[in-house]
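For reference, the chains in residue letters:
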Amino acid sequence: MERTVPLNLRKTRRLVVKVGSALLVENGEARAEWLATLAHDLADLRSGGTEIIVVSSGAIALGAAKLGLARGGRGSLADAQAAASVGQVELARLWSDKLRRHDITAAQMLVTLGDLEDRRRYLNASATLQRLVETGAIPVVNENDSVATEEIRFGDNDRLAARVAQAAGADTVILLSDVDGLYDRDPGEEDARLVERIEGVTPEIIAMAGPESSSGIGSGGMLAKLQAARIAERAGITLVIANGTGPSPLTRYCDTAIGTVFLPQADASARKAWLAGRLAPAGVLTVDPGCATALANGASLLAAGLIEVAGEFGRGDLVAIHGPKGERLGQGLVEYGAAECRTIIGLREDEQEARLGYAPRAAVVHRDHMVRE
Ligand code: GLU
């Protein structure tokens, strides 16, 4: 059979690595030695030029053990929230310790579903991730379990990882778990076969996940992983499920390519496609010819190039971008409300602060949040 290894982690530009609870925690204790091998892998990939973002579970499992809560802290929402707030302290310390050995600074980011679904907050999370990665730190993201209520929780870090990848403009996500990948039937059955490559998560693929399969420590399971794969594939992101149980799991994956790869079902620009969805633009930004050319070349929209601001909109709203003759150039999420846009219209960056009364943002519409016509 053709061995398809479409994915070389070493060639990815920006990678999200999701680490499941079952890998990080065993009998209530952190698997610190294993984590050290993963940190080594991350440092190695990073020195090869791959930018890294970690999504780490394990707070609930660690905290439940400390607090002596039954059912791994998952007996009730209140238990899980209390366990998470205790465990998150230890989780952050673990990551920080292990990464520091490679001279890497760990950054903690706790997010809720709302932070990634609401467009204003999405912009903030996205800008923070971007900036952290630029500084060379490795963001370690988890769900803000101690405050998120049932209705506004992801509940599993698999989908969270896919959303974080989208917000961070990552090209690849690897979900490290305690299974090798997706099997075409119950992996317990003798002739079960690991599916190496999936082009589009169809209902038939979902059916392969079978009843919830999970080690019981985390809340992931195969179904959550397939949901994550759907988010990723539509956003133009490659997603891999691989077994991370053994030491140096990323090196192992690079060497063996054992796992399931979900190929993107849209090109990378579709990462921003939700911008272009059914939302009606709340306003129009008209730009000068120089800015129109810069936008066509992939730049962000800067205030200096703005010549007109029409409509009433708030930060995070979708706005249309027009050229000087009224031709439509694209649309994107605007970083300022309409009044602020009018305040800084035509101004260079160094002139903006005095008018705004605070340090200006990097752009009026950042290129990561813009789709061109
Ligand atoms: N956020 C949870 C934790 O840190 C994990 C969620 C999951 O199991 O995917 O414990």
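Residues numbered from 1 in each chain as written. Predicted model: local features only at pLDDT ≥ 70, side-chain atom pairs only at ≥ 80, totals over all residues. Heavy atoms only, no water.

Look at helix 2 (residues 32–47) against helix 4 (residues 77–100): their axes get within 9 Å of each other, and the N-to-C directions meet at 50 degrees. Considering the angle they form, helix 2 stands oblique to helix 4. Crossing of helix 2 against helix 4: the hand is right-handed. Where helix 2 abuts helix 4, its residues A32, L35, A36, L38, A39 and L42 lie against L94, W95, K98 and L99. Of the residues belonging to the contact of helix 2 with helix 4, the class tally is 9 nonpolar, no polar and 1 charged. (Axes fitted to C-alpha atoms, helices over the stretch in contact; angles between N-to-C directions. Helix = DSSP H or I, 4+ residues; strand = E, 2+ residues; numbered from the N terminus. Parallel < 35°, antiparallel > 145°, perpendicular 65-115°, else oblique. Left-handed = near helix turned anticlockwise from the far one by under 90°. Contact = heavy atoms within 4.5 Å. Nonpolar A, V, L, I, M, F, W, Y, C, P; charged D, E, K, R; others polar.)

Here the focus is the sheet that holds strand 13 (residues 318–322). Overall, mixed pairing links the 5 strands, which are arranged 12-11-13-14-15 in an open sheet. Looking at strand neighbours, the two that pair on one side only are strand 12 (306–310) and strand 15 (370–372), the edges of this open sheet. Geometrically, the sheet is characterised by an average inter-axis angle of 20 degrees between neighbouring strands, direction not taken into account. Where strand 13 lies against strand 14 (residues 328–333), 5 bridges are found, and the strand directions are antiparallel. Bridged to V319 within strand 14 is G332. (Pairing = 2+ DSSP bridges.)

This part takes up the pairing of strand 13. Most of strand 13 sits inside the fold, with 5 of its 5 residues counted as buried. Going residue by residue along strand 13, you find L318, A320 and H322 tucked away on one face and V319 and I321 tucked away on the opposite face as well. (Buried < 20%, exposed > 50% of the residue type's maximum accessible area, 1.4 Å probe, protein only.)

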